[in-house]
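# Close look at the chain arrangement
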Amino acid sequence: MNDRTQTLLQDSDAFDSGAAVDRVAQRAHDAIDSVAAKAKPAVERVHSAASQAADALHAKADTLGELEGQWLDSARAHIREQPLTSMAIGLLAGVLLSRLAR
């Protein structure tokens, strides 16, 4: 085989391999598009569920904040009404905690 024939064969092989690479790349691109199209609804469902969970947590946090305020008001009222009893309870709690901490 002469040099010119060999060069033509190499060019032909390069052309065929380039076309094969293009076909493989196109198939990969199509596969990625297909997977993305199928994944989009699942991602949207997860986003929706996370959003609903966040809203529910915010509502619970607001409710707990209101309860905290009610408990503090109740404790303040009890301490004002019975200061000696409140001091005795606080002293007893302090003694118990100090014994438990030893």
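Structure's up top.
What you see is a predicted model; the values in this text were computed from it and never measured.

Basis of the calculations
- Numbering of residues starts from 1 in each chain and follows the order in which that chain's sequence is written.
- Selection of residues for local features in this predicted model requires a pLDDT of at least 70, selection of side-chain atom pairs for listing and counting requires 80 or more, and totals for whole chains, interfaces and linings are taken over all residues.
- Derived side-chain values reflect all non-hydrogen atoms in the structure, with water molecules and hydrogen atoms excluded from consideration.
- Starting at the N terminus, helices and strands are each numbered in turn, a helix being any DSSP run of H or I of at least four residues and a strand any DSSP run of E of at least two.
- The classification of residues rests on relative accessible area computed with a 1.4 Å probe and restricted to protein chains. Under 20% of the type maximum is buried, over 50% is exposed, and intermediate values are partly exposed.
- Accessible areas in this description were obtained via Shrake-Rupley with a 1.4 Å probe; residue shielding takes into account the shown protein chains only.
- For patch detection, residues must exceed 30% relative accessible area and be free of salt bridges, and they are connected within 9 Å for like charges or within 5 Å for nonpolar side chains (Val, Leu, Ile, Met, Phe, Trp, Tyr).
- Any Lys or Arg side-chain nitrogen found within 4 Å of a carboxyl oxygen on Asp or Glu counts as a salt bridge.
- By definition in these notes, contact holds between two residues if any of their heavy atoms fall within 4.5 Å.

## Concerning the overall build of the chain
The secondary structure content of the chain amounts to 2 helices and 0 strands. A burial count over the chain gives 1% of its 102 residues as buried. Taken as a whole, the chain presents about 9,200 Å² of accessible surface, with 63% of it coming from carbon and sulfur.

## Remarks on a nonpolar patch on the surface
On the surface, a cluster of nonpolar side chains totalling about 340 Å² of accessible area is made up of L64, L67 and W71. Along the chain, L64 falls in helix 1 (residues 3-81).

## Digging into the pattern of salt bridges
For the structure shown, the criterion picks out 1 salt bridge. Among the ionic pairs, D73 bridges to R76, the shortest N-O distance being 3.4 Å. Of this pair, D73 and R76 both sit in helix 1, 3 residues apart, which is roughly one turn of that helix. You can call R76 partly exposed: its relative accessible area is 42%.

## Some thoughts on the side chain of S86
Along the chain, S86 falls in helix 2 (residues 83-101). With near-sequence residues (within four places) excluded, S86 lies in contact with H78 and I79.

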